[in-house]
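# Topology and contacts: notes
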Amino acid sequence: AKTVGAKLEVDGLEVFRGRLAEIFSRTDRGSYSAIWRPAIEDHDQNVSRDEPEQILITAFRDAFLGYVDRRAAGATSYIRRLLDSDEIVFQRLAIFVVGQYPGQLSVLLPEILVARFMNANCRHEMYQLLHVVFSDLNDGSKNGVLTLISEVVQQRGESEQPEEVQEKQRSY
């Protein structure tokens, strides 16, 4: 699949994205992909690897990585398109790919490090991304991320004890 992305670029990616979108249009599985596909990367938590959605996500991911390997600068518009998608799994794929190429795709970080993606559905990919990029952010960006995490967690846990809020903040 990586070769498909490298050679066919967006046209190759669209084969996988289109099939996934078709499957998700018939069900609501795309809305809760973090449950049946906890990690975009290969991971022990991912179960039912033989299901069509799982196979297509893996193929799409690998093709996407092949495309970015070949043309990282050209991939930014496609990544933005996925970030703007209504399908959470496409947002997660975009965040994952940026985390794999943080130097080449750093221009996208301000669009990703926002409250919209700080949620349970994208938590794994956001954690992975922050793990890779946080130390390279300037002090202002680091403070912005910490403030964002604090605000998002507090908004979602108004009735929680301070220890529970701190634990959620640490999860990022």
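In this report, the structure presented in the accompanying data block is examined. (Residues numbered from 1 in each chain as written. Predicted model: local features only at pLDDT ≥ 70, side-chain atom pairs only at ≥ 80, totals over all residues. Heavy atoms only, no water.)

## Things to note about the pattern of salt bridges
The tally for this structure, following the rule as stated, stands at twelve salt bridges. Residue aspartate 69 pairs with lysine 2 through a salt bridge whose shortest N-O separation is 3.1 Å. Of this pair, aspartate 69 sits in helix α4 (residues 52-83) while lysine 2 sits in helix α1 (residues 2-8), and the two are 67 residues apart along the sequence. Classification of aspartate 69 by relative accessible area gives partly exposed; the value is 44%. (Salt bridge = Lys/Arg side-chain N within 4 Å of Asp/Glu carboxyl O. Helix = DSSP H or I, 4+ residues; strand = E, 2+ residues; numbered from the N terminus. Buried < 20%, exposed > 50% of the residue type's maximum accessible area, 1.4 Å probe, protein only.)

## Looking at the nonpolar core
Ranked by internal contacts, the top residues of the largest apolar core, which has 50 residues, are Phe60, Phe64, Ile79, Val97 and Leu105. Elements supplying a minimum of two residues to this core: α2 (10-26), α4, α5 (88-100), α6 (109-112), α7 (123-133) and α8 (139-156). In terms of residues, this core owes the most to one element, α4, which gives 15 residues. Ignoring sequence-local partners within four residues, the contact set of phenylalanine 60 consists of Leu13, Phe16, Arg17, Leu20, Tyr78, Leu82, Phe90 and Leu93. (Core = buried A, V, L, I, M, F, W, Y, C linked by side-chain atoms within 4.5 Å. Contact = heavy atoms within 4.5 Å.)

## Details of α2
Taking 1.5 Å as the rise per residue, α2 with 17 residues should run 24 Å; its terminal C-alpha atoms sit 24 Å apart, in good agreement. Listed as buried for α2 are Gly12, Leu13, Phe16, Arg17, Leu20, Ile23 and Phe24. Buried positions along α2 lie against α1, α3 (33-36), α4 and α5. (Expected span 1.5 Å × (residues − 1).)

## A look at unusual backbone geometry
Even without being a glycine, glutamate 9 presents a positive backbone phi close to 55°. Take glutamate 9: it is sitting in the loop between α1 and α2. Classification of glutamate 9 by relative accessible area gives buried; the value is 17%.

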